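Structural characterization, general
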Amino acid sequence: MNSSDHGFNPAFNMAAIKQVFNEAVERVRMPTPMRLRDLIRQIRAARTATEEREVINKECAYIRSTFREEDSAWRCRNVAKLLYIHMLGYPAHFGQLECLKLIASQRFTDKRIGYLGAMLLLDERQDVHLLITNCLKNDLNSSTQFVVGLALCTLGAIASPEMSRDLAAEVERLMKSPNAYIRKKAALCAYRIVLKVPELMEIFLPATRSLLSEKNHGVLITGVTLITEMCEHSPDTLQHFKKIVPNLVRILKNLILAGYSPEHDVSGVSDPFLQVLAVNILGRFLLNNDKNIRYVALNTLLKTVHLDTSAVQRHRTTILECLKDPDVSIRRRALELSFALINSNNVRTMMKELLLFLERSDPEFKAQCSSSIVLAAERYAPNKRWHLDTLLRVLIAAGNYVRDDVVSCTIQLVSDSADQQGYVSAQLWRALEQDTSDRQPLTQVATWCIGEYGDALLYSDVSVGDDPTDIVRVTEDELLDVYQRLLWSPQNTVVTKQYTLLSLTKLSTRFRSNVERIRQMVQQFGSHLHIELQQRGVEFTQLFNSHAHLRPALLERMPPMEVVRRDNGSQQQQVQHSAVNGVLDAADVTTEESAVNSDSNALLVLLGGSDLSSVDAETEQHTAKPPVATPSSTDNQDLLDLLGLDIGGSAPMAMNNINMNNNVHSTNNNNPLLLDPLGSLGSLSSSTQPISGLPSMTPSSDASSLVAYEKNGLRIMFTLERSDMPSTISILMAAYNETSTPMSDFLFQVAVPKTFTLQMMSPSGTIIPPSGSVTQQLRIQNPSKGALRMRMRISYSSGGATIQDQAEMNHFPSEGWQ
C-alpha cells in the first residue's frame, strides 16, 4: 500500500512530530505564565513596598518552579520577567544557567534575551564563564549577522581577561569582515578587550589600519575610538598613527565642504558625531534646535576647555545663552562650562550673568552654583569691594540653599577688610530689616558682622552706594527691635539664633546705653527649651551680673582672620593663623585638648592664669604675637564659678599652650572657616614650628621602642632616648604606612598632664607614601618624676577619605627619667 494513500506527508519527520507533541503536552500540563506587561502592571499597581514584594516573591517562586523543568516552553518569557525584577533591585541570580540555555537555542528571540540576561546576571564564577565562552565562540562563527552582533556586544560587556585572550583572534577576524555592521561591532568589542588586556592590542593593529579607509562613518568613528585607546597605552603606537592625521583632516574637511549629504545628514549637520573632533564646529552645534546635539556640544566643549581655553572662549556668549535653556541637563552642562571659562579678564561680565542665573535658577542648582561663584570670586576678584558685593548678592540670591563654606568665607573676608567693615555692616543691616526667614545664612553673616562692628553702624555715617548722600543711620532701639524679632521668630533655625544671641551679647560692649535691655533679652533664654540656647543664656547672663568686669575683655572685637593658601593639585587648602583676644598664634600651639575632667585647667590656660604650666622663655621668643596683659587669678576663679567648675586637688591633663580661637573650626570644604556661634572655648592644634636654641639630645645605647598606635594600616612607633638635660627624655615618633595607598595631610597631635612640659619639633613631612614613613621629635620634661600619660590625635587622608582617631598611651617605662 502506498503511504500517500493514507495522507502521510514525508516532510514531517519524526523529530519534528516529537517536538510538536512535547510542546503541546507542556502547554497542557502547565498554565500559560503571566506576560511581562502584566507583571509590570501588577507591580506598578502595588500601593506599598510590602505589596510590591509580595507580587515579586510570588512571581519569583513561580519562575523557580518552571526552571526545574528541563524543556520549558516559556523559558524566554520567564527570563525576561526575571530581568525586569533584577532591574528593580531584587535578587535574580538563580536565572544564570537559564540564560545560558537560551543562548544555546537556535531561535534569535531566545538568544537575544539570553545574551541580555548574561550581561546583567553573570558573576565571576569560572564554570559559568567557561560555558558562555564556548557559546560565544559558536555564535561568532554564525552566518547571521545579528547573531554575531549579539555575541560581540556581550563579549565587549562581560569580557574577563581570560575570555579576552580566548576570543581575541575571533574578534580580529571579524574586523576584516565584508559586512560593515559586523566590522563596527567587532571594532567596539576590540576596544573593550584592549581596556581589559592592553597587551592584546598588537593583534588588532593590522585590522585597525584598514578601518581608517572606510567609507562607512559608523565603522570609521569606531576605528578612531580604538586607535585613540591604543595610542594612550603605547607611545610607539601613537608615533605610528600620527602619520594618518592628514587623512583624518581631509575627511573632516570633506564633511564640512561637501554640503548636504542624505547618507550623513543629522538635522542639517553632516555627521556631527564624527565632526566632534573639531572644536570650532561645536559652536554651530550650540545653535542647533535639537537639544541632543546641543548637549553633545556642551559635553565635548567641557572636556576640551582645559586643553584649548582660547578656542572655547570664542563661544562664551552662546554658552551663556544655554543657561536659559528649558532642558535641565543642558543648563547643568552650560553652568559647569561657564565656570571653567572665568578668568581675570572676563570675571565681571561672567559673574553678572551667573548671578542672574543664580537668582532665577531652580533650587537644585543654587547650592553648587553659589559655592562655585564664591570660589571664582575669591580667585579672580579685582578688588575687595567688588568681592564683598558679590558674596552679599550670593547670600541674597541663594537663600537657604547657601552652603556653610559661603558663610565662613564671607565672614573671613569681612574680618580682613578693615576699610569695608562699616559699608558691609550697613548693607547687611538693610537686608536684615526685611523678612529673612528664607535666608538663614544671610542672617547669620549679618548678625556676626553687626555684633563685631555695630559701633560703626550706630555712631558714624556710613554710605552704602556711589551716592555719598545715601547714608544709613540706625538707632540702638531699632537694632534691638530687629534682634528681638530674630530671636523669637519660629522660622529661624537654632543655629541662626545662636549667632544672634552671641551678637547681641557683644553689642552690650558696643552700645552707649540700652545695656539693661540687652541683659533682659539674654536672660529670657535662661529657660529656653533648647538646651544649647538655654546654656548660653545662663552663661551670658552671668556676664551681666556678678562677672560684669569680665565682659569687655571676653567680648572685644575679633582681629583679622588671616588665611594662608597653598595649592595642592587642583584643590586649595587653607590654614588659618590668628591671635584671638591676645592668645598665642595657632602655629605656636604644641599640645592637644585636655581630658574630660580638665575643663577648669583648660579655662585657666585660656585666660593666661598663674596655674598653667610655664612656657619656655625661648619658645616665647619665637611666637608671632606680642605679649599681652592677662587677667588675674581672681578673675580666673570668677570665671570658674561662673561656669560651675571645680578645680579640686587632682592634676588632670592640660594643654601647655592653647589657641583661644573661639570662633573657628574646620570643615571638609575649600573654605574651612566656619564661625562657631556659640563661642566655644579652645581648639585643637599642633606644633609645626621648629624650636631653636635647645640643648642637643644624645641618644643612648639602651633606647627602647614602643608601639604607640596601630590601626587601618598606620603604625606609630615611639623610640625613647635619654637627654643630657635633667628629667628630660626625647621621643622619636615614626609613622609607617603599611598600605598600598599614600596618606596625605598627616597630622600628629599630643597632650600631656600639666606637670610635664612638652616641646614638639617640625615633622619630616605630611605625606606618607606606601611602605614609607614620617618622623617627628618630641621632648618631654618631668620634674616631678611622675608616670607619663599621653593622649594622641591622628588625622590623615587616604583613598579620598579623611580619617581621624584618638588614642592614649599610658605604658611608658618609669625608669627613663634621670
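Since this is a predicted model, take the numbers as computed values, not measurements.

1. Considerations on the overall build of the protein chain
Across its full length, the protein chain carries 34 helices and 15 strands. Residues counted as buried form 49% of the 818 residues belonging to the protein chain. Counting contacts in the protein chain only where the partners sit at least 6 residues apart, residues at least 24 apart contribute 66% of the total. When the accessible surface of the protein chain is summed, it comes to about 40,200 Å², and 51% of that surface belongs to carbon and sulfur atoms.

2. Examining the packing of helix 21 (residues 347-360) against helix 23 (residues 384-398)
Each pair of packed helices can be summarised by the angle the axes make with each other and by the distance between the axes. Running from N to C, helix 21 and helix 23 point in directions that differ by 15°, and their axes come no closer than 9 Å. By the angle between their directions, the pair helix 21 and helix 23 is classed as roughly parallel. Considering the relative orientation of helix 21 and helix 23, their crossing is left-handed. Here helix 21 contributes Val347, Arg348, Met351, Leu355, Leu358 and Glu359 to the contact with helix 23, which in turn contributes Trp386, Thr390, Arg393, Val394, Ala397 and Ala398.

3. Examining the nonpolar core
Counting 89 residues, the largest nonpolar core has Met351, Ile373 and Leu479 as its most contacted members. The residues touching Met351, leaving out its near neighbours within four places in the chain, are Ile342, Ile373, Ala376, Ala377, Trp386 and Thr390. Membership of the second largest hydrophobic core comes to 47 residues, among which are Val128, Val197, Leu200 and Met201.

4. What to know about the pattern of salt bridges
Where side chains of opposite charge bring their charged atoms close, a pairing between them can arise. Tallied over the full model, the rule gives 30 salt bridges. Between Arg510 and Glu452 there is a salt bridge, with its nearest N and O atoms 3.8 Å apart. Of the two residues, Arg510 sits in the loop between helix 28 (494-507) and helix 29 (515-523) while Glu452 sits in helix 26 (residues 440-459), which places them 58 residues apart along the sequence. Residue classification places Arg510 among the buried positions, given a relative accessible area of 9%. Between Glu532 and Arg536 there is a salt bridge, and its shortest N-O distance comes to 3.8 Å. Of this pair, Glu532 and Arg536 are both found in helix 30 (residues 531-542), 4 residues apart, which corresponds to roughly one turn of the helix. Judged by relative accessible area, which is 14%, Arg536 ranks as buried. Counted as one network, the salt bridges with shared partners bring together Arg35, Asp38 and Arg41.

5. A word on the pairing of strand 9 (residues 714-722)
The pairing of strand 9 with strand 10 (residues 728-737) spans 9 bridges and is classified as antiparallel. Looking at the pairing, Leu714 lines up with Asn737 of strand 10. Linkage of strand 9 to strand 10, two consecutive antiparallel strands, is achieved through a turn of 5 residues, within which Ser727 is found at a positive phi near 55°.

6. Quick notes on the packing of aromatic side chains
Within this structure, the stated rule accounts for 7 aromatic pairs. Here Phe357 and Phe365 contribute two aromatic rings whose centre-to-centre distance is 5.6 Å and whose plane-to-plane angle is 80°, an arrangement assigned as edge-to-face. Three or more aromatic residues joined by ring pairs make a cluster, and in this case those are Phe718, Phe748 and Phe812. Geometry around Tyr736 places Arg715 over its ring, the cationic atom sitting 5.0 Å from the centre.

7. With respect to a nonpolar patch on the surface
Taken together, the side chains of Met87, Leu116, Met119 and Leu120 define a hydrophobic patch exposed on the protein surface, amounting to about 360 Å² of accessible area. Ranked by residues supplied to the nonpolar patch, first place goes to helix 6 (residues 108-121) with 3 residues. The topology assignment puts Met87 in helix 4 (residues 75-87).

8. Some thoughts on the side chain of Lys81
Within the secondary structure layout, Lys81 lies in helix 4. Overall, Lys81 belongs to the buried group, its relative accessible area being 0%. Among the polar contacts listed, one links the side chain of Lys81 to the side chain of Glu59, at a separation of 2.6 Å. Once residues within four sequence positions are removed from consideration, Lys81 is found in contact with Pro33, Met34, Arg35, Leu36, Leu39, Glu59 and Ile63.

9. Concerning the side chain of Thr237
Checked against the element boundaries, Thr237 lands in helix 13 (residues 235-241). Contacts of Thr237, omitting those with residues within four sequence positions, involve Met201, Leu205, Met230 and Cys231.

10. Observations regarding helix 24 (residues 404-415)
Between its first and last C-alpha atoms helix 24 spans 17 Å; for 12 residues at 1.5 Å apiece the expected length is 16 Å, and the two agree. Within helix 24, 11 of the 12 residues are buried, leaving the element largely enclosed by the surrounding structure. The complete set of buried residues in helix 24 reads Asp405, Val406, Val407, Ser408, Cys409, Thr410, Ile411, Gln412, Leu413, Val414 and Ser415.

11. Here's the deal with the pairing of strand 15 (residues 801-809)
Summarising the sheet, strand 14 (residues 790-798) and strand 15 pair through 9 bridges and their orientation is antiparallel. Within the sheet, the bridge partner assigned to Met790 lies in strand 15 and is Met809. Two successive antiparallel strands, strand 14 and strand 15, enclose a turn made up of 2 residues, where Gly799 displays a positive phi of approximately 65°.

12. Considerations on the packing of helix 9 (residues 161-174) against helix 11 (residues 201-211)
It is the contact of helix 9 with helix 11, at a shortest axis distance of 9 Å, that shows an interaxial angle of 5°. Between helix 9 and helix 11, the crossing angle belongs to the class labelled roughly parallel. The residues of helix 11 that touch helix 9, namely those facing Ala168, Val171 and Glu172, are Ile203, Phe204 and Ala207. Among the residues forming the contact of helix 9 with helix 11, the class breakdown is 5 nonpolar, no polar and 1 charged.

13. What about the state of the cysteines?
For the coordinates displayed, the defined rule picks out 0 disulfides. The structure places no disulfide on Cys153, whose sulfur is separated from the nearest cysteine sulfur, that of Cys189, by 8.4 Å.

14. Overview of helix 17 (residues 291-304)
Relative to the 20 Å expected for 14 residues at 1.5 Å per residue, helix 17 spans 20 Å between its end C-alpha atoms, a close match to the ideal helical length. Within helix 17, burial applies to Ile293, Arg294, Ala297, Leu298, Thr300, Leu301, Leu302 and Thr304.

15. Observations concerning the environment of Trp74
Tracing the backbone shows Trp74 in the loop between helix 3 (49-67) and helix 4. Between the C-alpha atom of Trp74 and that of Ile63, which follows or precedes it by 11 residues, the distance is 9.7 Å.

16. Some remarks on the environment of Ala751
If you trace the backbone, Ala751 turns up in strand 11 (residues 743-753). Given the relative accessible area of 0%, Ala751 is considered buried. The sequence separation of Ala751 and Arg789 amounts to 38 residues, and the corresponding C-alpha distance is 8.6 Å.

17. As for the confidence of the model for the protein chain
A low pLDDT means the predicted coordinates there should not be read in detail. The predicted model of the protein chain has a mean per-residue pLDDT of 74, with 72% of residues at 70 or higher. Confidence drops under pLDDT 50 across residues 1-9; counting only partners more than four residues distant or on other chains, this segment forms 2 contacts. Ignoring residues within four places in sequence, the model shows residues 565-703, a span with pLDDT below 50, making 290 contacts including any to other chains.

18. With respect to unusual backbone geometry
A positive phi angle, close to 65°, is found at Asn514, a residue other than glycine. Mapped onto the elements, Asn514 comes out in the loop between helix 28 and helix 29. The partly exposed category is assigned to Asn514, whose relative accessible area is 23%. Phi is positive for Ser771, close to 65°, though the residue is something other than glycine.

19. Some thoughts on the environment of Ile729
For Ile729, the position within the fold is in strand 10. We classify Ile729 as buried; its relative accessible area is 5%. Placed 49 residues apart in sequence, Ile729 and Leu778 show a C-alpha to C-alpha distance of 8.4 Å.

About the thresholds
Residues numbered from 1 in each chain as written. Predicted model: local features only at pLDDT ≥ 70, side-chain atom pairs only at ≥ 80, totals over all residues. Heavy atoms only, no water. Helix = DSSP H or I, 4+ residues; strand = E, 2+ residues; numbered from the N terminus. Buried < 20%, exposed > 50% of the residue type's maximum accessible area, 1.4 Å probe, protein only. Contact = heavy atoms within 4.5 Å. Areas by Shrake-Rupley, 256 points an atom, 1.4 Å probe, with all protein chains shown as cover. Axes fitted to C-alpha atoms, helices over the stretch in contact; angles between N-to-C directions. Parallel < 35°, antiparallel > 145°, perpendicular 65-115°, else oblique. Left-handed = near helix turned anticlockwise from the far one by under 90°. Core = buried A, V, L, I, M, F, W, Y, C linked by side-chain atoms within 4.5 Å. Salt bridge = Lys/Arg side-chain N within 4 Å of Asp/Glu carboxyl O. Pairing = 2+ DSSP bridges. Phe/Tyr/Trp six-rings, centres within 6.5 Å; stacked < 30°, edge-to-face > 60°. Lys NZ or Arg CZ within 6 Å of the ring centre and 35° of its normal. Patch = residues over 30% accessible without salt bridge, like charges linked within 9 Å, V, L, I, M, F, W, Y side chains within 5 Å. Polar contact = N/O pair within 3.5 Å; in protein donor to acceptor, adjacent residues only side chain to side chain. Expected span 1.5 Å × (residues − 1). Nonpolar A, V, L, I, M, F, W, Y, C, P; charged D, E, K, R; others polar. Disulfide = S-S within 2.5 Å. pLDDT = per-residue confidence, 0-100.

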